[in-house]
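So the chains spell out like this:
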Amino acid sequence: MSICRLQDRRWLHPYRVRVPHHLAPVQRIDQASEAAAAANAGLSPQAIAEIWRAVERLYRSGAYPGVAFCLRRHGQIVLNRSLGHARGNGPLDPPQTAKTVLQPDTPICLFSASKAVTAILVHKLAEEGGIDLSQRVSHYLPGFAAHGKRDITIADVLSHRGRVPTLVVPREQRQVELLLDWPALIQRICDAPPTRSGGMAYHALTGGYVVAEILQRVTGDSLQAYLDSRLRKPLGLKHFTYGLPPAARAQVALNYIAGTPVRFPIAQLLERALMLPMDRVVEASNSAAFMDAVIPAGNLYATAEELSRFYQLLLDGGRLGHKPLLQPETVARAIRPRTRMALDRTLMVPMRYSEGLMLGANPAGLYGPITANAYGHLGFMNILGWADPDRDIAASLLVTGKAVLGTHLLALGKLLTTLGSRCR
């Protein structure tokens, strides 16, 4: 057999994690948070066990070195567990590589699931009277008006109709260090011509920078300071930061390429959205430069429980116990559909958005079957955080394998289906 044929077969072979036969050594359970939940959550022990078995099947797909999962029902934590490794046991790691078991309190990068948090901060600023979401971006950021972008509103940007879905960067200049130069990025976005066609086109990076720049100009605070004062500290969250402080980096879960290697045309679609080829994005995400950066649409770090707690806040209409962190009207607007189901011209799949969140659908959607009222956000690649008011759940699934194609998609669909059927 020729060398070319061997290389082709290796290229098509999926990158799989070594999954132990017995999962107990790589499973961790937050016993304290789960202890008193089941009786008040309206779920039988059998239902909880079935949901967790579906998570285990997802891990056994071999696409994820680490999986963290948290489920709240009726406001109670039902499951807060992790499987696998935070470091080591990547699909391309030698067997002798040192391994660190993933813990429920290990911080994991949310990637695009960060967008939901940034969007809620923008809605909070509107609630406080700092901005009008229906106002033009150029009212707050005059340079954005260049090249015919004058009439694009903040609401347009939040709902992926801002017409600047990608960063215009020459290929030879595409480095993660670009993300450290915030003023230069804002200038690039302002100087970019809008796309010719209207409609939806997912703004993988640009939209986050635009709305965060407006927030910072209006408040005089950094994005992180605003997050700290409005959400992170009131919710009592340990992590939940854009980027990761050096002191926490020894704990962070690393990201790994996994699944069936992507080729044309999917590889090109991903590179267009992410600015870099997929493998370079994954490599960059483990770098100090990436953790030094503040990327509003892509590098919030959190645990699964922290992300679930954020969605519980939305599910509760913005209230933390008896204390309102968000007005009910603010939450209602943030989760209200702004678009009908339509083809997203970046992702090339049908999507439905609110002003900042990805919405579910019937008969099936991003969060499983019959989830038209669910809302949340997807992160690179199968990270999910969402709330489903019909089932009274707030859930999060954080994974460290960056797998686009593979049998893990079937296991993910089965998990979402099981979750939906058991929580009815």
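Above this note sits the structure.
This structure is a prediction, so every number in the text was calculated from the model and none was measured. (Residues numbered from 1 in each chain as written. Predicted model: local features only at pLDDT ≥ 70, side-chain atom pairs only at ≥ 80, totals over all residues. Heavy atoms only, no water.)

## Details of the overall build of the protein
And then number 1: The secondary structure content of the protein amounts to 16 helices and 19 strands.
And then number 2: Expected size for 424 residues packed as a compact globule is a radius of gyration near 22 Å; at 21 Å, the protein falls within 12% of this value.
And then number 3: Along the three orthogonal principal directions, the C-alpha set of the protein runs to about 65 × 60 × 45 Å.
And then number 4: Counting over 424 residues, the protein shows a buried share of 56%.
And then number 5: When contacts within the protein are restricted to residue pairs at least 6 apart in sequence, those whose partners lie at least 24 apart make up 69%.
And then number 6: Total accessible area computed for the protein in this model is approximately 17500 Å², and 55% of it derives from carbon and sulfur atoms.
And then number 7: A distance of 6 Å separates the average location of the 48 positive side-chain charges in the protein from that of its 32 negative side-chain charges. (Helix = DSSP H or I, 4+ residues; strand = E, 2+ residues; numbered from the N terminus. Rg over C-alpha atoms; globule rule 2.2 N^0.38 Å. Buried < 20%, exposed > 50% of the residue type's maximum accessible area, 1.4 Å probe, protein only. Contact = heavy atoms within 4.5 Å. Areas by Shrake-Rupley, 256 points an atom, 1.4 Å probe, with all protein chains shown as cover. Lys, Arg positive; Asp, Glu negative; His and termini not counted. Charge placed at Lys NZ, Arg CZ, Asp CG, Glu CD.)

## Some remarks on the nonpolar core
And then number 1: Core analysis: the biggest nonpolar cluster contains 140 residues, and Ile154, Phe310 and Tyr311 have the highest contact counts within it.
And then number 2: Excluding anything up to four places from it in sequence, Ile154 contacts Val122, Ile131, Asp132, Leu133, Gln135, Val137, Tyr140, Val211 and Ile214. (Core = buried A, V, L, I, M, F, W, Y, C linked by side-chain atoms within 4.5 Å.)

## Some details on helix α4 (residues 45-60)
And then number 1: Its 16 residues give α4 an end-to-end C-alpha distance of 22 Å, which sits within 8% of 22 Å, the value for a rise of 1.5 Å per residue.
And then number 2: Here α4 has its buried residues at Ala47, Ile48, Ile51, Trp52, Ala54, Val55, Glu56, Leu58 and Tyr59.
And then number 3: Phi for Gly62, located one or two positions after α4, is positive at around 85°. (Expected span 1.5 Å × (residues − 1).)

## Quick notes on the packing of aromatic side chains
And then number 1: Under the defined criterion, the tally for this structure stands at six aromatic pairs.
And then number 2: Pairing Phe240 with Phe310 gives two aromatic rings, centres 6.0 Å apart and planes at 45°, and the pair type is tilted. On the criterion of sequence distance, the pair formed by Phe240 in the loop between α10 (223-235) and β6 (241-242) and Phe310 in helix α14 (residues 304-315) is long-range, its members being 70 residues apart. Assigned by exposure class, Phe240 and Phe310 land together as buried.
And then number 3: Residues Tyr367 and Trp386 carry aromatic rings whose centres are separated by 5.9 Å and whose planes lie at 20° to one another, so their mutual orientation is stacked. Of the two residues, Tyr367 sits in the loop between β14 (364-365) and β15 (368-369) while Trp386 sits in strand β17 (residues 383-388), which places them 19 residues apart along the sequence. The residues Tyr367 and Trp386 share a single accessibility class, namely buried.
And then number 4: One aromatic cluster in this structure is built from Phe111, Phe290 and Phe380.
And then number 5: Across from the ring centre of Phe144, 5.1 Å away, lies the NZ or CZ of Lys149, which sits over that ring. (Phe/Tyr/Trp six-rings, centres within 6.5 Å; stacked < 30°, edge-to-face > 60°. Lys NZ or Arg CZ within 6 Å of the ring centre and 35° of its normal.)

## Remarks on the packing of helix α5 (residues 114-127) against α14
Angle between the axes and distance between the axes are the two parameters that describe a pair of packed helices.
And then number 1: At a minimum axis distance of 11 Å, the contact between α5 and α14 shows a crossing angle of 40°. One element, α5, and the other, α14, form an angle in the oblique class. As α5 packs across α14, the resulting crossing turns out to be left-handed. Two secondary-structure elements touch here, α5 through Ala116, Val117 and Ile120 and α14 through Phe310, Tyr311 and Leu314.
And then number 2: Grouping the constituent residues of the contact of α5 with α14 by class yields six nonpolar, no polar and no charged. (Axes fitted to C-alpha atoms, helices over the stretch in contact; angles between N-to-C directions. Parallel < 35°, antiparallel > 145°, perpendicular 65-115°, else oblique. Left-handed = near helix turned anticlockwise from the far one by under 90°. Nonpolar A, V, L, I, M, F, W, Y, C, P; charged D, E, K, R; others polar.)

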